[in-house]
Amino acid sequence: MSSTNKTDNLGLNQWVGTDRPKMQDFNQDNLLIDSAVSQHIADSGVHVTGVDKAAWNKPYHIQVYTGNGSSTRSIDIESGFTPRWGIVFAANYPPGLSDFTNKSHYNYFGFVSTQGGNPGLTLNGTTLKVTQSSTPVNVSEYRNYNTNGVGYVVILFR
């Protein structure tokens, strides 16, 4: 005879003093537990993958490059994920420098995203494209995202 009582959720045996447990009762309970745990583990709505966990644990990537002076340059992003947006700036430079004598502005800081960003910066998949102006753009603005010998910091986000 199996148990007099059963648990509410899984229907596992709960014996009283007069019940006589049998091996098949224990085996059946083990099958019920195994099935419930297996279904729970397989539920992707409740559990996340290792890739998901890694994404939550590292939502950003920081990378540096040194400008080479070319007018256009593609930089491979080594983040392990495809970034959605980011910030690019020259280390040890202000965001922008204004030369009032020559009526010029030199831009060393910008935002970039997959949907657009500052002129001179493009983000496509895991490639960041930067530009360096040798002549003014938009009358007096210079885009300085690849100045020869200048170190740049790129912070990218998922």
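Rules behind the numbers
Residues numbered from 1 in each chain as written. Predicted model: local features only at pLDDT ≥ 70, side-chain atom pairs only at ≥ 80, totals over all residues. Heavy atoms only, no water. Helix = DSSP H or I, 4+ residues; strand = E, 2+ residues; numbered from the N terminus. Rg over C-alpha atoms; globule rule 2.2 N^0.38 Å. Buried < 20%, exposed > 50% of the residue type's maximum accessible area, 1.4 Å probe, protein only. Contact = heavy atoms within 4.5 Å. Areas by Shrake-Rupley, 256 points an atom, 1.4 Å probe, with all protein chains shown as cover. Lys, Arg positive; Asp, Glu negative; His and termini not counted. Charge placed at Lys NZ, Arg CZ, Asp CG, Glu CD. Pairing = 2+ DSSP bridges. Axes fitted to C-alpha atoms, helices over the stretch in contact; angles between N-to-C directions.

Let's talk about the overall build of the protein chain
Moving on, step 1. Helix and strand content of the protein chain: two helices and 13 strands.
Moving on, step 2. Taking 15 Å as the expected radius of gyration for a compact globule of 158 residues, we find that the protein chain reaches 30 Å, considerably beyond that expectation.
Moving on, step 3. Projected onto its principal axes, the C-alpha coordinates of the protein chain cover approximately 100 × 25 × 25 Å.
Moving on, step 4. A burial count over the protein chain gives 30% of its 158 residues as buried.
Moving on, step 5. Contacts in the protein chain between residues far apart in sequence, at least 24 positions, make up 54% of those at least 6 positions apart.
Moving on, step 6. Put simply, the protein chain shows about 10200 Å² of open surface, and 53% of that area lies on carbon and sulfur atoms.
Moving on, step 7. Side chains of the protein chain give 11 positive and 11 negative charges; the mean places of these two sets differ by 9 Å.

A few points about the sheet that holds strand β7 (residues 104–107)
Moving on, step 1. With respect to topology, three strands assemble into an open sheet ordered β6-β7-β12, the strand pairing being mixed. The sheet is open, and its two edges are formed by β6 (96–99) and β12 (141–143), each paired on a single side. Each strand axis lies, on average, 20° off the axis of its neighbour in the sheet, ignoring direction.
Moving on, step 2. In this structure, β6 lies alongside β7, joined through four bridges in antiparallel fashion. When the bridges of β7 are listed, D99 appears paired with S104.

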